[in-house]
Amino acid sequence: MVDNTRACIALIAVVLISGKRGSSVYDYTQSKHINISGNVDVNNVNIYDYDRGCHVSGNPGILYDYGNSAHIQLKIDGNQFSGYDYHSSCHFSGSVNGGSVTIYDHETSLHHNFTV
């Protein structure tokens, strides 16, 4: 999965699971803040990734990443989430603890950490 796609998923997951709002995500893999704005709720997602200059939108279950021209499936279960990125053809899973997010990306076989 593309680094910034993971950051967008991290922001979406934090809002849906913990209700915490933020306008940036700190990506520990890239060692930088990624500015993301927009709205996330249980019925609709419409965010803008300023680094890539693109939207990620849809309903929380099936999103479309305009930067990659690909869909992303996302399932929330308590403080855990999982999904499938059609761009990389790989699964991912993760957890949220307050504003902290860990995503395991099956493409990279690594855990990636974020703070919103």
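These figures come from a predicted structure and were not determined experimentally.

What counts as what
- Residues numbered from 1 in each chain as written.
- Predicted model: local features only at pLDDT ≥ 70, side-chain atom pairs only at ≥ 80, totals over all residues.
- Heavy atoms only, no water.
- Helix = DSSP H or I, 4+ residues; strand = E, 2+ residues; numbered from the N terminus.
- Rg over C-alpha atoms; globule rule 2.2 N^0.38 Å.
- Buried < 20%, exposed > 50% of the residue type's maximum accessible area, 1.4 Å probe, protein only.
- Contact = heavy atoms within 4.5 Å.
- Phe/Tyr/Trp six-rings, centres within 6.5 Å; stacked < 30°, edge-to-face > 60°.
- Pairing = 2+ DSSP bridges.
- Axes fitted to C-alpha atoms, helices over the stretch in contact; angles between N-to-C directions.
- Salt bridge = Lys/Arg side-chain N within 4 Å of Asp/Glu carboxyl O.

Draft legend 1. The overall build of the protein chain, seen in detail. Within the protein chain, the secondary structure is distributed over 1 helix and 10 strands. Taken over the C-alpha trace, the protein chain has a radius of gyration of 12 Å; the compact-globule value for 116 residues is 13 Å, and the two agree within 12%. Its C-alpha atoms give the protein chain principal-axis dimensions of roughly 30 × 30 × 25 Å. Here the protein chain holds 116 residues, and 41% of them are scored as buried. Put simply, of all contacts in the protein chain between residues at least 6 apart along the chain, 35% involve residues at least 24 apart.

Draft legend 2. The packing of aromatic side chains, seen in detail. A complete count under the given rule lists 4 aromatic pairs for this structure. Taking 4.8 Å as the distance between ring centres and 80 degrees as the angle between the ring planes, the aromatic pair formed by Tyr84 and Tyr86 counts as edge-to-face. Relative accessible area serves as the criterion here: at 18%, Tyr84 is assigned to the buried category. Note on Tyr86: relative accessible area 40%, which makes it partly exposed.

Draft legend 3. View of the environment of Ser57. Looking at the secondary structure, you find Ser57 in strand β4 (residues 54-59). Accessibility expressed as a relative area gives 16% for Ser57, which makes it buried. A sequence separation of 13 residues divides Ser57 from Asn44, and the C-alpha atoms of the two residues are 7.5 Å apart. Here Ser57 is in contact with Val45, Asn46, Ile62, Leu63, Tyr64 and Tyr66, once residues within four sequence places are set aside.

Draft legend 4. Structural context of the sheet that holds strand β6 (residues 70-77). Strand order around the closed barrel formed by 10 strands is β1-β2-β3-β4-β5-β6-β7-β8-β9-β10, with antiparallel pairing between neighbours. Sheet twist, expressed as the average angle between the axes of neighbouring strands with direction ignored, equals 25 degrees. Alignment of strand β5 (residues 62-65) against β6, held across 4 bridges, turns out to be antiparallel. For Tyr64, the partnering residue across the bridge sits in β6 and is His71.

Draft legend 5. Summary view of the environment of Gly98. Take Gly98: it is sitting in the loop between β8 (90-97) and β9 (100-105). Using a relative accessible area of 37% as the deciding quantity, one classes Gly98 as partly exposed. With 18 residues separating them along the chain, Gly98 and Val116 place their C-alpha atoms 8.8 Å apart.

Draft legend 6. Representation of the pattern of salt bridges within the structure. What the rule picks out here adds up to 5 salt bridges. Among the ionic pairs, Asp51 bridges to Lys32, the shortest N-O distance being 2.9 Å. Taken as a pair, Asp51 in the loop between β3 (45-49) and β4 and Lys32 in strand β2 (residues 32-40) lie far apart in primary sequence, 19 residues in all. Accessibility expressed as a relative area gives 40% for Asp51, which makes it partly exposed. In this structure, Arg52 engages Asp65 in a salt bridge whose closest nitrogen and oxygen atoms are separated by 3.1 Å. Note that Arg52 is positioned in the loop between β3 and β4 and Asp65 in strand β5, a separation of 13 residues in sequence.

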